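What follows is the residue order along each chain.
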Amino acid sequence: LTMEAVLNRLQTLTPDQLREEITRAGLKCGPITATTRSIFEKRLARSLLESQEDSGRSEVDSDGGPAVGSVSENTSLALTADPEQTARQERDVSPVPPTVEEDVSQQSSPGSPVLFYGVLPPLDDPLLNDGSLHVYTDRQKALRTVVKMKGARFKAFSSREDAENFAKGIHESGLSPCRPSAEKPLNTSPSGGLFKILLIREKSIHLETANMEKANEFKSPRTQDLTAKLRKSVEKGDEEAFKELVRSNPRYLIGSGDNPTIVQEGCRYNVLHVAAKENQPAMACLILETLEDPEFMRCMYPHDQEDMLLKRIEYIVDLYLNTPDKAVSDTPLHFACKFGCSEVVNVLCSHPSIDKNCRNKYGQKPSSVICERKNKSKEIKEKIKEYLEDRFFVPLLRATDNTLNPVVGAPWAPGSSKCDDPSLSPRLVEDPKNPLMTIRAFAGPLNQLKAEELHKLWRTPARHRAKYFHDILKSDPDRGAERVGRELAHEMGYPWAEYWDFLSCFTDLSSDNGLSLLEEYLKNCVQQKSRTENSWIHANSPTTPSKPSPCR
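The sections below set out a description of the structure shown in this document.

Conventions used here
- Residues numbered from 1 in each chain as written.
- Predicted model: local features only at pLDDT ≥ 70, side-chain atom pairs only at ≥ 80, totals over all residues.
- Heavy atoms only, no water.
- Buried < 20%, exposed > 50% of the residue type's maximum accessible area, 1.4 Å probe, protein only.
- Helix = DSSP H or I, 4+ residues; strand = E, 2+ residues; numbered from the N terminus.
- Pairing = 2+ DSSP bridges.
- Phe/Tyr/Trp six-rings, centres within 6.5 Å; stacked < 30°, edge-to-face > 60°.
- Lys NZ or Arg CZ within 6 Å of the ring centre and 35° of its normal.
- Axes fitted to C-alpha atoms, helices over the stretch in contact; angles between N-to-C directions.
- Parallel < 35°, antiparallel > 145°, perpendicular 65-115°, else oblique.
- Left-handed = near helix turned anticlockwise from the far one by under 90°.
- Contact = heavy atoms within 4.5 Å.
- Nonpolar A, V, L, I, M, F, W, Y, C, P; charged D, E, K, R; others polar.

Overview of the pairing of strand 9 (residues 496–500)
1) Next: Among the five residues of strand 9, four are classified as buried, and the element is accordingly described as predominantly covered.
2) Next: The pairing of strand 8 (residues 437–446) with strand 9 spans three bridges and is antiparallel. Across the sheet, Phe-442 pairs through a bridge with Ala-497, a residue of strand 9.
3) Next: As defined by bridge partners, strand 9 adjoins strand 10 (residues 505–507) across three bridges and the pair is classed as antiparallel. The residue bridging Glu-498 from the neighbouring strand is Thr-507, located in strand 10.

What follows is the structure, given as structure tokens:
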């Protein structure tokens, strides 16, 4: 290439393209205007021509002196080429001729050992397959060669043979130490060693590709959208706007590295912090339900297997619940307690992954900051203290084949050490068939005192009601125990749920949620019956005979 040809090419570039070329050449670039453009073009052209001259020179150097400095045998000097300079070299400079790279017949001064620098090109470089060996006695020339090849490495040796083996990708133990090692030594011949190196490289690339997480089609939302849209919808309790945002782009909730998205810079709040601070229990519940929805997570990671998807959900939900903010290391539960948001505390403490003992930077647990900032009434404080206690459930267990009498289980709390006491566990009479006992109903969540009180009344009713409950159990062996527990829970105002086979879920049919589920079920039954009747009528209706054609 000539100076004129390079300048003609540079004059066709846009200012942005020219600036990119200058940056890749390692030159400083100021504002490109009509008056400064010609200066930058000439400077860049000179740099490109100098690079071309360096690459076009014969790499047989008979005038070089001895290597500077004394390096011990097998001293390793590894260097990786700069990707930007490599890209410029591949586009603007002709490739290095495939010849013997260095004539190492240089004369060294007495007492100074000659060092041979072997350069190992990247395994996927075409120069690896043409028989060229990159061996030098001049360290600077070896460095310039490394810079020209992306991913190349070099190493100093005291013998030419070792340097040639390194340049071929062969080491004493088989592979070069900068490459993945094989279990067996490689063939020391160039063809055999190269063949095995390529096989190992191909296998490594295949494994990396298999383990690589496939990208989805969603882009990270702008910081302005996270603040103006997502955060505002949570603060106002706008559930429809929140659903529309996160369903259109799951990255509104899931940031890079499966971390919660930050909706307030500086303090680094996530949406649960905001919901807790603004006393939005419905939004807190909706956020957790959305994160635990496999279909939502499937939109973000469509290629995940089921077990991996569940692990992601568990990991992300734990981060949302227990990640402290940057100011004083407060979790969402700290916020809810500090601002006296009792219902938000109830939602958060109902989740099994919540950490109630997490401390902020002042060493305070959520129970230590109750109503510090707001709602300092005694009732709110007592309510929050009750919610912060362990949540106990009183279960009813039945044998799947109904061969044993139902058993009212001891109060149980997820993750509580108080449940490990063997005296609290019900002693079941073993059946020869060892039937499987499953939970068919439960009362809770309750604090420990309320759970123990209900458990006692359920197992041994008061004397004036003993006969009434006994008659229920005797007359209805299939659901008598559930009827007794349901009546006691409703009288005491405790939450209740039992399993209904036709609904395939636990619910209280006397609650609003239970009634809506029952109404939906009945509606579906009516529609199914209507479709069945219409199909039967259509199948049994007499076919209309076709009219005979008139005789001619």
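Text resumes after the structure shown.
Examining the packing of aromatic side chains
1) Next: Applying the stated criterion across every chain yields a total of eleven aromatic pairs.
2) Next: Ring centres of Phe-157 and Phe-166 lie 5.6 Å apart, and the angle between their planes is 50°; on these two criteria the pair is classed as tilted.
3) Next: A relative accessible area of 3% means that Phe-166 is categorised as buried.
4) Next: Taking the centre distance of 6.3 Å and the plane angle of 50° together, the rings of Phe-335 and Phe-339 count as tilted. Each member of the pair, Phe-335 as well as Phe-339, is classed as buried.
5) Next: The ring of Tyr-301 is capped by Arg-312, whose NZ or CZ atom sits 3.7 Å from the centre of that ring.

A look at the packing of helix 11 (residues 281–291) against helix 15 (residues 342–349)
1) Next: One can describe the packing of helix 11 onto helix 15 by two numbers: an axis separation of 8 Å at closest approach and a directional angle of 20°. The angle between the axes of helix 11 and helix 15 places the two elements in the roughly parallel class. Taken as a pair, helix 11 and helix 15 cross one another with a handedness that is right-handed. Counted together, Pro-281, Ala-284, Cys-285 and Leu-288 of helix 11 and Glu-343, Val-344 and Val-347 of helix 15 form the full contact between these two elements.
2) Next: Across the contact of helix 11 with helix 15, the residue classes break down as six nonpolar, no polar and one charged.

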